[in-house]
Amino acid sequence: SWSVKFNSNGYITKINGSWEYEYDGENNYCLMEWSASYDNDGHLKSVTSVYEEQEGDYYEKGTFNDALNWSNGNLVSVNGNGKWYDANGKETGHINNTMTFAYGSQLNKYKQYPGIMNDPLTYCGLYGKGSNMLPVSMTEESKEVSGSESYEDNYNRTSTYTLNEDGSINTEIWK
């Protein structure tokens with residue numbers, strides 16, 4: 001079952017969900033809660049999510065926080081962190097992630113979020129307004145620690161767009 005709450009502008013502020021099923025004689029479940037806040041201009045400012053999952057003997061709980069930073073109507077960075085816990089509440093891993101955007105001069109007439117955000121609900125405007133301009137590049141730095149192992153990932157991507165006659169995004173390519 002899922003529950004979705006919206007603010008007066010039609011932006012999603014909370015999603016709660018859960019599911020249960022039996023597989024091979026074992027009960028499995030997952031609980032999830034996601035919440036968001038927006039600034040006075042309708043930009044997504046923060047996202048917090050918590051989930052709890054059990055599949056047979058496997059149990060994990062996770063908490064994630066993202067802070068979105070805006071300047072002159074453009075999303076300039078997303079700073080995220082998350083932690084995973086076992087059934088005893090002991091931290092089993094964590095992640096820190098930063099995405100930084102640069103902009104050119106191409107107007108984002110309908111304030112669409114770029115596809116690099118990788119969430120279909122952003123494309124529908126359900127997470128508020130996107131940037132005034134279209135981003136031309138994105139840099140991501142990520143470090144994850146899981147048990148005794150550590151992973152780092154850093155990359156840069158550039159984008160190109162074609163627009164429809166009305167100024168909406170027709171195609172978007174990230175390299």
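Predicted model, so just to flag it, every value in this text is computed and none were measured. (Residues numbered from 1 in each chain as written. Predicted model: local features only at pLDDT ≥ 70, side-chain atom pairs only at ≥ 80, totals over all residues. Heavy atoms only, no water.)

Colleague: Would you explain the pairing of strand β1 (residues 2-6) in this entry?
Modeller: When a strand is regular, its side chains alternate between the sheet's two faces. Pairing analysis gives five bridges linking β1 to strand β2 (residues 12-23), with the strands arranged antiparallel. Paired with Lys5 across the bridge in β2 is Lys14. Counting the residues in the hairpin turn of β1 and β2 gives five residues, including Gly10, whose phi is positive at 85°. (Pairing = 2+ DSSP bridges. Helix = DSSP H or I, 4+ residues; strand = E, 2+ residues; numbered from the N terminus.)

Colleague: Whenever I open this one, the packing of aromatic side chains confuses me. Can you help?
Modeller: Each aromatic ring pair is characterised by the separation of its centres together with the angle its planes make. Enumeration over the complete set of coordinates arrives at six aromatic pairs. Centre to centre, the rings of Tyr51 and Phe64 are 6.2 Å apart; their planes meet at 10°, and the pair counts as stacked. Of this pair, Tyr51 sits in strand β4 (residues 44-55) while Phe64 sits in strand β5 (residues 58-71), and the two are 13 residues apart along the sequence. Between the aromatic rings of Phe64 and Trp84, the centroid separation amounts to 5.7 Å while the plane-to-plane angle is 75°, which identifies the pairing as edge-to-face. In this pair, Phe64 is assigned in strand β5 and Trp84 in strand β6 (residues 74-85), connecting sequence segments 20 residues apart. Taking the relative accessible area as the measure of exposure, Phe64 reaches 21% and is therefore partly exposed. In textbook terms, an aromatic cluster arises when at least three aromatic residues are bridged by ring pairs, as seen for Tyr51, Phe64 and Trp84. (Phe/Tyr/Trp six-rings, centres within 6.5 Å; stacked < 30°, edge-to-face > 60°. Buried < 20%, exposed > 50% of the residue type's maximum accessible area, 1.4 Å probe, protein only.)

Colleague: Would you explain unusual backbone geometry in this entry?
Modeller: Despite not being glycine, Asp24 shows a phi value in the positive range, around 55°. Mapped onto the secondary structure, Asp24 falls in the loop between β2 and β3 (26-38). Even without being a glycine, Asn72 presents a positive backbone phi close to 55°. Inspection of the secondary structure puts Asn72 in the loop between β5 and β6.

Colleague: How do you make sense of the side chain of Asn74 when you look at a structure like this?
Modeller: One can find Asn74 in strand β6. Excluding its chain neighbours within four sequence positions, the residues that come into contact with Asn74 are Asn69, Tyr103, Ser131, Asn132 and Met133. (Contact = heavy atoms within 4.5 Å.)

Colleague: Just to check I follow, could you spell out the layout of surface pockets for this structure?
Modeller: The gaps left among the atoms become clear once a water-sized probe is rolled over them. For the largest pocket, the calculated volume is near 570 Å³. Together, 24 residues line the largest pocket, and Asp66, Val78, Met99, Met117 and Asp119 are the ones closest to its centre. Listed by contribution, the elements that provide at least two residues to the lining of the largest pocket are β4, β5, β6 and β7 (91-107). (1 Å grid on protein atoms, 1.4 Å probe; cavity = no way out; pocket = protein on both sides within 12 Å on 5 of 7 lines; lining within 4 Å. Points joined across faces, edges and corners; volume = space filled by probe spheres on them.)

Colleague: What should I look at first to understand the pattern of salt bridges in this one?
Modeller: Oppositely charged side chains can pair when the atoms bearing their charge come close. For the structure on display, the rule yields two salt bridges. The closest approach of N and O atoms between Lys14 and Glu33, which form a salt bridge, is 3.7 Å. With Lys14 in strand β2 and Glu33 in strand β3, this residue pair connects regions lying 19 residues apart in the sequence. On the basis of relative accessibility, which here comes to 27%, the residue Lys14 falls in the partly exposed class. Among the residues examined, Glu33 registers a relative accessible area of 35% and is labelled partly exposed. Ionic pairing is found between Glu91 and Lys83, a salt bridge with its closest N-O pair at 3.9 Å. (Salt bridge = Lys/Arg side-chain N within 4 Å of Asp/Glu carboxyl O.)

Colleague: Just to check I follow, could you spell out the pairing of β5 for this structure?
Modeller: Alignment of β4 against β5, held across ten bridges, turns out to be antiparallel. Of the residues in β5, the one forming a bridge with Glu52 is Lys61. Linkage of β4 to β5, two consecutive antiparallel strands, is achieved through a turn of two residues, within which Gly56 is found at a positive phi near 60°. As paired strands, β5 and β6 are joined by eleven bridges and run antiparallel to one another. Across the sheet, residue Ser71 finds its bridge partner in β6, namely Asn74. Two successive antiparallel strands, β5 and β6, enclose a turn made up of two residues, where Asn72 displays a positive phi of approximately 55°.

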